[in-house]
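A closer look at the structure
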Amino acid sequence: MSDTSLGFTRSEYESSLAYGSGDVGDFFALMKPRVMSLVVFTALVGLVVAPGTLHPVIAIAALICIAVGAGASGALNMWYDADIDAIMQRTAARPVPRGRVSADEALTFGTVLAAGSVITMGMLVNWVSAALLALTIGFYLFIYTMWLKRRTPQNIVIGGAAGALPPMIGWAAVTGTVSLESIVLFLIIFIWTPPHFWALALYRTRDYERAGIPMLPVTAGPDTTRSHILIYSLLLAPTGLAPVFIGMGGILYAVLATVLGVAFVALALRVYTRRKGREAEKAAKKLFGFSILYLLLLFAVLLVEHVLDGLTVTGA
Amino acid sequence: MQLSEAQKKRRRSRSIAIAWALAAMAALFFVVTMVRLGANVMNRPF
């Protein structure tokens, strides 16, 4: 931290170490707003596609609780991972390693938000969705962050369950239950997570290596990672079509899921075959970028189809 | 511990943000209670 390559100077870092240095923006950054937005979006889809109705005010309350719960997970993750965040270029500018927010402040902030979001969810929506929200936060902190992340290359495979739970929470907010449909939504994100993160890890291997995180490219090498990405992509394509077979996705969804699934496998194949130099890095970056678009579009179409269905029923 | 002017300013902005968050939470609880009770909010013994 002797220069400005990380976006701040040493004097900035040292002068900010005292208690109470962070502003509102720093605390907002602790909540990982970009991750939070994807979590809220997938939860919204679970909420909309679930059978039954929920008063709009209660639906908004549920989404706020899910957003705050996701933010709590982010803050608690940044509290625990401050040491490795400081080493990795991608995360070095986060509020805790930068010294804007102390680790204690991040822990308190995350704990208050976690407890507040779960209790509010239970009181205002229902206790099944509150329990799932608590499970999500707990899984992300204790199972992924504290246990798996620094110990096994399967960290994001198992830990991915935390990121896959939000649509299930949205579904439970409406129905008060966990059912096959919500499990299918869970599975799509669960199987999508490994190729998404391994594509990133392929071109960030040195970063992970320096921080001592046993991501698959670090422990097994890039070629094994490429094989794993391809296998998961081949699993993801049919899983993405599963909503069609249980009546949750319509024709538009079927077409889009097929096209996107084929494109995902094609990009994974490109990662598999291009193994050297800039071409290899480009292929991994392309797959990483596309994987975000894949999930976004798949869930957006489910949302649109169900909103249109609702309008048709109301119109009839 | 002596806080600098900049730190005092940031602490004030954090306090205001906490106040807004608490007010929003109280409003949320109130509105959801009204939604859940509906017309029954008037139905009580005098």
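Computed from a predicted structure; not experimentally measured.

**Looking at the overall build of chain A**
Summing up its helical and strand segments, chain A has 16 helices and zero strands in all. A compact globule built from 316 residues would reach a C-alpha radius of gyration of about 20 Å, and chain A, at 20 Å, matches this within 12%. Oriented by its inertia axes, the alpha-carbon framework of chain A measures out at about 65 × 50 × 30 Å. Per-residue burial for chain A yields a buried fraction of 47% across its 316 residues. Within chain A, residue pairs in contact and separated by at least 24 positions form 73% of the contacts whose partners lie at least 6 positions apart.

**Section: the interface of chain A and chain B**
Contact with chain A, which involves 12 residues of that partner, is made by 12 residues of chain B. With three residues, the top contributor of residues to the side of chain A that touches chain B is helix α4 (residues 56-80) of chain A. Split by residue class, the side of chain A that touches chain B holds seven nonpolar, four polar and one charged.

**Things to note about the environment of proline 97 of chain A**
Take proline 97 of chain A: it is sitting in helix α6 (residues 95-98). Once you skip the residues sitting within four places of it in the chain, proline 97 of chain A turns out to touch Ala82, Asp85, Ala86 and Ala92 of chain A.

**Focus on the packing of α4 of chain A against helix α8 (residues 127-148) of chain A**
Residues and elements named next belong to chain A. As a packed pair, α4 and α8 sit with axes 10 Å apart at the nearest point and diverge in direction by 15 degrees. As judged from the angle between their axes, α4 and α8 are roughly parallel. Here α4 runs over α8; the crossing is right-handed. Counted together, Ala62, Cys65, Ile66, Gly69, Ala72, Ser73, Leu76, Asn77 and Tyr80 of α4 and Ser129, Leu133, Thr136, Ile137, Tyr140, Leu141, Thr145 and Met146 of α8 form the full contact between these two elements. Its residues assigned to classes, the contact of α4 with α8 comprises 11 nonpolar, six polar and no charged.

**Quick look at helix α1 (residues 5-37) of chain B**
All names here are of chain B. When the terminal C-alpha atoms of α1 are compared, their 48 Å separation across 33 residues agrees well with the 48 Å that a helix rising 1.5 Å per residue should span. Burial runs low along α1: only one of the 33 residues are buried. Glycine 38 occupies a position one or two residues after α1 and carries a positive phi of about 55 degrees.

**Section: the domain arrangement of chain A**
All names here are of chain A. Partitioning chain A into domains gives domain 1 (20-177) and domain 2 (179-316). Distance from the C-alpha centre of domain 1 to the C-alpha centre of domain 2: 21 Å. Taken together, the contact pairs 28 residues of domain 1 with 27 residues of domain 2. Only α3 (33-49), α5 (82-87), α9 (155-164) and α10 (166-175) provide two or more residues apiece to the side of domain 1 that touches domain 2. A class-by-class count of the residues in the side of domain 1 that touches domain 2 yields 16 nonpolar, eight polar and four charged.

Thresholds applied
- The residue count restarts for each chain, going from 1 along the sequence in the order it is written.
- In the order they appear in the text, chains get letters beginning with A and ligands get numbers beginning with 1.
- Note on the predicted model: pLDDT of at least 70 is required for a residue's local features to be given, and 80 or more for side-chain atom pairs to be given and counted; whole-chain, interface and lining totals, by contrast, use all residues.
- Only DSSP runs of H or I covering at least 4 residues are called helices, and only runs of E covering at least 2 are called strands; the numbering of each starts at the N terminus.
- With the radius of gyration taken over C-alpha atoms, the globule rule is written as 2.2 Å times the number of residues to the power 0.38.
- Counting other C-beta atoms within 10 Å of its own, a residue is labelled buried from 20 upward, exposed at 12 or fewer, and partly exposed in the gap between, with every C-beta atom placed from the backbone.
- It is the C-beta atoms, placed from the backbone, that decide contacts: two residues are in contact if theirs lie within 7 Å.
- Each residue receives one of three labels: charged for Asp, Glu, Lys and Arg, nonpolar for Ala, Val, Leu, Ile, Met, Phe, Trp, Tyr, Cys and Pro, and polar for the others, Gly being one of them.
- To define axes, lines are fitted to C-alpha atoms, for helices over the stretch in contact only, and angles between the resulting N-to-C directions are given on a 0 to 180 degree scale.
- Each angle gets one of four labels, with under 35 degrees taken as roughly parallel, over 145 as roughly antiparallel, 65 to 115 as roughly perpendicular, and the rest as oblique.
- Two helices crossing with the near one rotated counterclockwise from the far one by less than a right angle form a left-handed crossing, whereas a clockwise rotation gives a right-handed crossing.
- The span you would expect from a helix comes to 1.5 Å times its residue count less one.
- For each domain, the first and last residues come from an automatic or database assignment.

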